[in-house]
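# Descriptive structure summary
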Amino acid sequence: MSQVDTLTIPLASLRQAMQLVVRGFGSRPEEVDAVVDNLLEANLRGHDSHGIGMLPRYADAFREGGLKPNAHVSTVMDGGALLRLDGNAGFGQVIGQEAMALGIARARAQGSCIVALGNAHHLGRIGAWAEQAAAAGLISIHFVNVISRAIVAPHGGSDARFGTNPFCVGVPLPGREPVILDFATSMIAQGKTRVAHNKGEAVPPDCLIDDQGRASTNPRYTVIPPWGALLTFGAHKGYGMALMCELLGGALAAGMTQRDHDSSKRRVLNGMFSVLLDPAAVAERGAFEQEALAFLDWVQASPPREGFGPVCVAGDPERAYRAKRAADGVPVDATTWQEILAAAAALGVDPAQVRAAAGA
């Protein structure tokens, strides 16, 4: 694998360029802003797998009818502190925000709310929805399934049977940024293998298997056929969590699980089972926050081991990435950039205008 060049594009210029691309979907201005800002936020936080590199996949999904621009969430069942919602295959960047807004309003009024969301197109970085809840002072827990081509093998299995099935928890605390735990239940996210493939880089050992079930570090086996599979993190532990995401986010919330080998569709649908909780409804808020902050101080006071920096908590590395990239610009590998320009052309947007807006 040969490495490819990387462009570094100023944030403001990249935002303007990506707005041109997303307008090609026929999205209304508020949807354009929601999609672009969400994708760029993923890039800023170091999660290029969930950033603007998803736009070519979105364009394919739109052209085949699997993504519905300008769609909004609808309520299927309203049980007060329990909501079942349909995303109507709309942009997940819009559907996720609307679903969380409904759940936040109920949790504030009733102390807690369960939100069962199905049929949303790719919800992106799930941490964004935990951050939205945390900004409202709420704890949130999210189990997510993925309806697309299966990409992850069960523990001990030799082929892919389900998606990367993310899990996320957000905890707001005073005087510091919220604790946001957000990870795929696979060793690495599928999008990270796409990024590695586009850059001509290998992935770390023990992350994936090839089409024969043998260990490999070549990301091509999750990007182009013949298909291999990612492995779950923590062996049977990550596998067990992936199953829970499929059962709760898929079977329960969405009424749909991943159970075929169809690789013909480009759309990515998510189901998400979310629990939103006002900590003041469970305990005296000040006491909870004082104990939580004392614990984090205790943990982060651990002297770092050789080869490590200061002890972090979930969300800290992403905030460090964000500060650097917001100042220095967003790196985009040349292959991904060319794919975005090709997607723009397929959407009826002049690639030259996109390049000019980005200054690339």
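Going by the structure above, here's the rest.
Here we summarise the structure given alongside this text. Keep in mind that this is a model prediction, so the values were computed, not measured. (Residues numbered from 1 in each chain as written. Predicted model: local features only at pLDDT ≥ 70, side-chain atom pairs only at ≥ 80, totals over all residues. Heavy atoms only, no water.)

## Let's talk about the nonpolar core
Ranked by internal contacts, the top residues of the largest apolar core, which has 35 residues, are L14, M18, F25, I52, L55, W337 and V354. Every element with two or more residues in this core is listed here: α1 (11–23), α2 (29–44), α3 (55–63), β12 (330–333), α10 (334–346) and α11 (351–358). Apart from the residues within four sequence positions on either side, L55 is in contact with M18, V21, V22, F25, L39 and A343. Grouped together as the second largest cluster of nonpolar side chains are 25 residues, V73, A99, C113 and L117 included. (Core = buried A, V, L, I, M, F, W, Y, C linked by side-chain atoms within 4.5 Å. Buried < 20%, exposed > 50% of the residue type's maximum accessible area, 1.4 Å probe, protein only. Helix = DSSP H or I, 4+ residues; strand = E, 2+ residues; numbered from the N terminus. Contact = heavy atoms within 4.5 Å.)

## Examining empty space enclosed by the protein
Taken as a whole and judged by the stated rule, the model has 2 cavities of 30 Å³ or more. Considering the residues around the largest cavity, the lining is formed by T6, N43, D48, I52, G53, R194, V195, K199, P331, V332, D333 and T336. Counting residues per element, the ones that place at least two in the lining of the largest cavity are α6 (190–199) and β12. Of the residues belonging to the lining of the largest cavity, the class tally is 4 nonpolar, 4 polar and 4 charged. By volume, the second largest cavity is sized at about 40 Å³. (1 Å grid on protein atoms, 1.4 Å probe; cavity = no way out; pocket = protein on both sides within 12 Å on 5 of 7 lines; lining within 4 Å. Points joined across faces, edges and corners; volume = space filled by probe spheres on them. Nonpolar A, V, L, I, M, F, W, Y, C, P; charged D, E, K, R; others polar.)

## Things to note about the sheet that holds strand β9 (residues 215–216)
Ordered in space as β9-β8-β10, the 3 strands form an open sheet in which the pairing is antiparallel. Pairing within the sheet leaves two strands with one partner each, and these edge strands are β9 and β10 (229–230). Relative to β10, strand β8 (residues 208–209) runs antiparallel, the two sharing 2 bridges. Bridging from a neighbouring strand, I209 pairs with A229 of β10. (Pairing = 2+ DSSP bridges.)

## Looking at the environment of E318
Along the polypeptide, E318 turns up in helix α9 (residues 316–328). When near neighbours in sequence (up to four residues on either side) are disregarded, E318 contacts L44, R45 and H47.

## A look at the packing of aromatic side chains
The tally for this structure, following the rule as stated, stands at 7 aromatic pairs. Note on Y58 and F91: the rings are 6.0 Å apart at their centroids and 65° apart in plane angle, and the pair reads as edge-to-face. Of this pair, Y58 sits in helix α3 while F91 sits in the loop between β3 (82–86) and α4 (92–110), placing them 33 residues apart in sequence. Judged by its relative accessible area of 0%, F91 is buried. For the pair F167 and F183, a centre-to-centre distance of 5.8 Å together with 50° between the ring planes defines the contact as tilted. On the criterion of sequence distance, the pair formed by F167 in strand β6 (residues 167–171) and F183 in strand β7 (residues 179–183) is long-range, its members being 16 residues apart. Looking at F167, the relative accessible area reads 11%, which means it is buried. Classification of F183 as partly exposed rests on a relative accessible area of 23%. (Phe/Tyr/Trp six-rings, centres within 6.5 Å; stacked < 30°, edge-to-face > 60°.)

## Regarding α3
Burial in α3 covers these residues: L55, P56, R57, Y58, A59 and A61. Considering only its buried residues, α3 is in contact with α1, α2, α4, β4 (112–121), α6 and α10. Downstream of α3 by one or two residues, G65 has phi in the positive range, about 90°.

## Observations regarding α6
Here α6 has its buried residues at G191, T193, R194, V195, A196 and N198. For α6, the elements touching its buried residues are β10, β12 and α10. A positive phi of about 75° marks G200, the residue just after α6.

## Some details on a nonpolar patch on the surface
Among the surface-exposed residues, V76, M77 and L82 lie close enough to one another that they form a single nonpolar patch of about 240 Å² accessible area. Within the secondary structure layout, L82 lies in strand β3. Looking at L82, the relative accessible area reads 34%, which means it is partly exposed. (Patch = residues over 30% accessible without salt bridge, like charges linked within 9 Å, V, L, I, M, F, W, Y side chains within 5 Å. Areas by Shrake-Rupley, 256 points an atom, 1.4 Å probe, with all protein chains shown as cover. Salt bridge = Lys/Arg side-chain N within 4 Å of Asp/Glu carboxyl O.)

## With respect to the pairing of strand β5 (residues 139–147)
Counting buried positions along β5 gives 8 out of 9 residues, so the element sits mostly inside the fold. Here β5 runs beside strand β11 (residues 269–277); their pairing, made up of 9 bridges, is antiparallel. For I141, the partnering residue across the bridge sits in β11 and is V275. With 4 bridges joining them, β5 and β6 adopt antiparallel strand pairing. By the bridge assignment, S140 is partnered in β6 with G170.

## Thoughts on unusual backbone geometry
Negative phi is the rule for most residues except glycine; trans is the rule for most peptide bonds. Omega for the bond connecting P225 with P226 falls within 30 degrees of zero, at 0°, which places this linkage in the cis form. Looking at where P226 falls in the secondary structure, it is placed in the loop between β9 and β10. At N88, a residue that is not glycine, the phi angle is positive and equals roughly 55°. Topologically, N88 is positioned in the loop between β3 and α4. At N165, a position not held by glycine, the phi torsion is positive, near 35°. Here N165 lies in the loop between β5 and β6. By relative accessible area, which is 0% here, N165 ends up buried.

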